[in-house]
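# Fold and geometry: a report
Each chain is listed here by its residues.
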Amino acid sequence: LTTVYFPHSGYQEKDLDAFTDELSTFLSNILSQRNTTHIIGADTNSSIGTNTSLQQSQDKLASRFDIDPATTLLGPFGNPHRSKTGENLLNIMREFQLRATGTFFDNNNKYNTWLAPPHPVTGKRRAYQLDQIFIPKHQLRYTTNVKRRFDGVTSDHAALFIEFHLPKTANFKIKKGIEAKTDNDNAD
C-alpha cells in the first residue's frame, strides 16, 4: 500500500518534473516486484477525466491508429474534467499501466473528492475528482468497488474506500529431498 501526494499546480515546472522523475523511479522499483499486490492511493491535485472524455478528444484524430492507449486506463465513470496536470498523470499511468479504479465503478455520480473555494464573483464552488486509487492492470479484477467516504479525520478532501479481494495464492507442493547414499553409508 502506497500513498502519494502530488504537488499542486502552483509549483514551478522544474519541481513538477523532479517529482515526476522521482515517482517514476519509485514506481519502477515497487511495481517490478513479482507476486505482490500494489494499491496506490493518491491526492493527485489534478483531474484525469474518464475514458469517455478521452474518447471524445480522440474522435478528432485523423486515424484509428492514433487511438490513445490511456482509454483503457480509465473507466467510463467519474468527473469528465481533465486538467493540464492531469495529462502528466496520464503519462505516468501509461508508462506503468496503472488503472484509476474509481473510474470503473458506477457510484451514482458521487466521484468528486474536493470542493474548490468559492469563486470570488459568483460564490459558486466547483467540485473535482482529485483523489484516486491506482492499481496495476492485472490486479484490477480483484477490485469490486471504489467509492468516496466522508468518515475519518476532518479534511477538505473526501476519503476513498476500496473493496479489494486478495487473490488466492497457488498451493505449491514441496517435494521431499532425496537423500543420497555415500560409500560410507554402506560400510558395516
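Everything below is about the structure shown above.
## Details of the side chain of Thr 143
Its place among the elements puts Thr 143 in strand β7 (residues 143-149). On the accessibility criterion, Thr 143 (6% relative accessible area) is buried. Discounting residues that sit within four places of it in the chain, Thr 143 has contacts with Thr 101, Phe 105, Ile 135, Ile 162, Glu 163 and Phe 164.

## A look at the sheet that holds strand β3 (residues 98-100)
As a general point, the strands of a sheet are linked pairwise by backbone hydrogen bonds and lie either parallel or antiparallel. With mixed pairing, 4 strands are arranged side by side in an open sheet as β1-β2-β6-β3. Bordering the open sheet on either side are β1 (2-5) and β3, each of which pairs with just one other strand. Neighbour-to-neighbour, the strand axes of the sheet open up by a mean angle of 25°, direction not taken into account. Bridge analysis of β1 against strand β2 (residues 40-43) gives 4 bridges, and the strand direction is parallel. Within β2, the residue paired with Val 4 across the bridge is Ala 42. On top of the sheet, helix α1 (residues 13-31) reaches β1, β2, β3 and β6 (131-136); it is set at about 170° to β1, its chief contact.

## Quick notes on the pattern of salt bridges
One pass over the full model with this rule turns up 1 salt bridge. A salt bridge links Glu 87 to Arg 82; the shortest N-O distance between them is 2.3 Å. Glu 87 gets classed as partly exposed once you look at its relative accessible area, which sits at 29%.

## As for the packing of aromatic side chains
Using the criterion set out here, one finds 3 aromatic pairs in the structure. Ring centres of Trp 114 and Tyr 128 lie 6.0 Å apart, and the angle between their planes is 35°; this geometry places the pair in the tilted category. With a gap of 14 residues between them, Trp 114 in strand β4 (residues 114-115) and Tyr 128 in strand β5 (residues 127-128) connect regions that are remote in the sequence. Summarising the aromatic geometry, the rings of Tyr 142 and Phe 164 are spaced 6.2 Å apart at their centres and angled 75° between planes, so their arrangement reads as edge-to-face.

## A look at the layout of surface pockets
Its volume calculated, the second largest pocket comes out at about 260 Å³. If you go around the second largest pocket, you meet 18 residues; those closest to its centre are Phe 150, Ser 155, Asp 156, His 157 and Ala 158. Elements that contribute at least two residues to the lining of the second largest pocket include exactly β4 and β7. Here the lining of the second largest pocket is built from residues that sort into 7 nonpolar, 6 polar and 5 charged.

## What to know about the side chain of Asp 43
By the element assignment, Asp 43 lies in strand β2. One buried charged side chain, Asp 43, makes no salt bridge at all; its nearest oppositely charged neighbour is Arg 125, positioned 14 Å away. In this structure, Asp 43 is in contact with Val 4, Tyr 5, Phe 6, Leu 130, Asp 131 and His 157, ignoring residues within four places of it in sequence.

## Comments concerning unusual backbone geometry
Phi at Asn 35 is positive, roughly 55°, even though this residue is not glycine. Looking at the secondary structure, you find Asn 35 in the loop between α1 and β2. For Asn 108, which is not glycine, the phi torsion reads 55° and is therefore positive. On the secondary structure map, Asn 108 appears in the loop between β3 and β4.

About the criteria used
The residue count restarts for each chain, going from 1 along the sequence in the order it is written. At least 70 in pLDDT is required for a residue's local features to be given in this predicted model, at least 80 for side-chain atom pairs to be given and counted, and no such filter applies to totals for whole chains, interfaces and linings, which use all residues. Working from all heavy atoms in the structure, the side-chain values ignore hydrogens and water. What counts as a helix is a DSSP run of H or I of at least four residues, what counts as a strand is a run of E of at least two, and both are numbered from the N terminus. When a residue's accessible area, from a 1.4 Å probe over protein chains only, is under 20% of the maximum for its type it is buried; when over 50% it is exposed; and in between it is partly exposed. Between two residues, a contact is recorded if the distance between any of their heavy atoms is within 4.5 Å. Here a strand pair is declared whenever DSSP counts at least two bridges between the two strands. Axis lines are fitted through C-alpha atoms, for helices just across the contact stretch, and the angle between N-to-C directions can take any value from 0 to 180 degrees. The term salt bridge refers to a side-chain nitrogen of Lys or Arg lying within 4 Å of a carboxyl oxygen of Asp or Glu. The pairing test for Phe, Tyr and Trp rings, Trp by its six-membered ring, is centres within 6.5 Å, and the orientation test on the planes gives stacked under 30 degrees, edge-to-face over 60, and tilted for anything in between. Lining residues are those with an atom within 4 Å of a point, where the points come from a 1 Å grid over the protein atoms alone and group into cavities, where a 1.4 Å probe fits but cannot get out, or pockets, open sets with protein on both sides within 12 Å along at least five of seven lines. Grid points are joined across faces, edges and corners, and a volume is the space filled by probe spheres set on the points. Residues are grouped as follows: nonpolar covers Ala, Val, Leu, Ile, Met, Phe, Trp, Tyr, Cys and Pro; charged covers Asp, Glu, Lys and Arg; every other residue, Gly included, is treated as polar. Counted charges follow a simple rule, with Lys and Arg positive, Asp and Glu negative, and His plus the chain ends left uncounted.

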